[in-house]
Amino acid sequence: MHAWTSRQVAVAFLLVLGAWTILAWPWLSGAMTIPFDAKAHFQAQIQFLASALHSGQSPFWTPNVFGGSPHVADPQSLIFSPALILAALNPAPSFRAVDAYVLLLLLTGAGGVLLLFRDRGWHPAGAVAAAIAFAFGASAAWRIQHIGQIESFAFFAVTLWALLGAIQRRSFLWAAGAGLSAAFMFVEPDQIAFLGLILLGCIGLCSVVGAWREGVPADRLIGMIAVAGVVFVAVVALPITWT
């Protein structure tokens, strides 16, 4: 284990960015598009959201499904996800734009992996390999057509980095950041978000138990986990209730 130099940080991020650009280019260029549910389902969800926002209508109810449907209650609606930004900026998001959004989510997750390796003092070469594998490996490649699950997958990496950073630094600010990131992971629930939340909860619990076993006061750790939980619940409570 060793502290990364600023040069190692820069090189690692540039290598991952370069690999991401090369591997994502067929979709970023528009030569290919992410198929199946990404187009048959989620493209329609984002287009409805964009149309509603730019025509001054409510995105909470869609008249286009059956006899009308409470869109706000659909955990795949993307209303509470960063896709809202794409819909707000573009009244007619193209296939290419939505694909770029998904690939940027994977880049965000890769960045979380890099930062995790840096904070733990693990080797930069391993960080680059792990970040690329995370963004383009089995889980991401298999679920890439399901945009909501990719959002949960990417924010899991960021939350894991923030949570471990909070534990390492004993920082309430980092704990609040971890709670916010976990909320982004879970606000439109799916099985990846559910499994991620279980794992993150186990990490928090193990940190407290580990402190007790080592004879270290755990009050601050418990307080940090409580702060993360409060931020998490404050963000997800209303959307989850609607769901």
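In this text the structure is predicted, and so the values were computed from the model without any measurement.

Calculation notes
- Residues numbered from 1 in each chain as written.
- Predicted model: local features only at pLDDT ≥ 70, side-chain atom pairs only at ≥ 80, totals over all residues.
- Heavy atoms only, no water.
- Helix = DSSP H or I, 4+ residues; strand = E, 2+ residues; numbered from the N terminus.
- Rg over C-alpha atoms; globule rule 2.2 N^0.38 Å.
- Buried < 20%, exposed > 50% of the residue type's maximum accessible area, 1.4 Å probe, protein only.
- Contact = heavy atoms within 4.5 Å.
- Areas by Shrake-Rupley, 256 points an atom, 1.4 Å probe, with all protein chains shown as cover.
- Lys, Arg positive; Asp, Glu negative; His and termini not counted.
- Charge placed at Lys NZ, Arg CZ, Asp CG, Glu CD.
- Core = buried A, V, L, I, M, F, W, Y, C linked by side-chain atoms within 4.5 Å.
- Expected span 1.5 Å × (residues − 1).
- Arc of directions from axis to C-beta.
- Salt bridge = Lys/Arg side-chain N within 4 Å of Asp/Glu carboxyl O.

Q: Explain the overall build of the protein chain here, please?
A: For the protein chain, the count of helices and strands is 10 helices and zero strands. Starting at the N terminus and ending at the C terminus, the protein chain contains elements arranged as α-α-α-α-α-α-α-α-α-α. The C-alpha atoms of the protein chain give a radius of gyration of 19 Å, which matches the 18 Å a tight globule of 243 residues would have. Buried positions account for 45% of the 243 residues belonging to the protein chain. Within the protein chain, contacts between residues separated by at least 24 positions form 70% of all contacts whose residues are at least 6 apart in sequence. Summed over all atoms, the accessible surface of the protein chain reaches about 12100 Å², with 72% contributed by carbon and sulfur. Seen as two clouds, the 10 positive and the 9 negative side-chain charges of the protein chain have centres 12 Å apart.

Q: I'm lost on the nonpolar core in this one. Help?
A: Counting residues in each nonpolar core, the largest one holds 65 residues, and the members touching the most others are Leu106 and Ile147. No other element matches helix H7 (residues 147–169), which puts 15 residues into this core. Setting aside residues up to four positions removed in sequence, Ile147 forms contacts with Phe42, Ile46, Leu78, Val98, Tyr101 and Val102.

Q: Would you mind showing me how to read the environment of Gly196 here?
A: Mapped onto the secondary structure, Gly196 falls in helix H9 (residues 191–213). C-alpha of Gly196 to C-alpha of Ala176: the two residues are 20 residues apart in sequence and 17 Å apart in space. If sequence neighbours within four positions are ignored, Gly196 has contacts with Phe156 and Met185.

Q: Is there a simple way to think about the environment of Leu86 in this case?
A: You can see Leu86 is positioned in helix H3 (residues 83–89). A relative accessible area of 17% places Leu86 in the buried class. Sequence spacing of Leu86 and Pro75 is 11 residues, and the spatial spacing of their C-alpha atoms is 18 Å.

Q: Explain helix H5 (residues 124–136) here, please?
A: Every α-helix winds through 3.6 residues per turn, so residues three or four apart in the chain are directed the same way. Taking 1.5 Å per residue, 13 residues should reach 18 Å; H5 reaches 18 Å between its end C-alpha atoms and fits that length. Looking at H5, one finds that the buried residues are Pro124, Ala127, Val128, Ala131, Phe134 and Ala135. For H5, the angular spread of the buried residues around the axis is 135°, confining them to a single face. Considering only its buried residues, H5 is in contact with helix H1 (6–28), helix H4 (95–120), helix H6 (138–143) and H7.

Q: How should the pattern of salt bridges be read in this particular structure?
A: It is possible for side chains of opposite charge to pair when their charged atoms get near one another. Per the counting criterion, the structure on display carries three salt bridges. In this structure, the salt-bridge partner of Asp99 is Lys39, at a minimum N-O distance of 2.8 Å. Residue Asp99 is located in helix H4, and its partner Lys39 is located in helix H2 (residues 37–54); the two are separated by 60 residues in the primary sequence. Lys39 sits in the buried class, given a relative accessible area of 15%. The residue Asp119 makes a salt bridge to Arg169 at a minimum N-O spacing of 3.3 Å.

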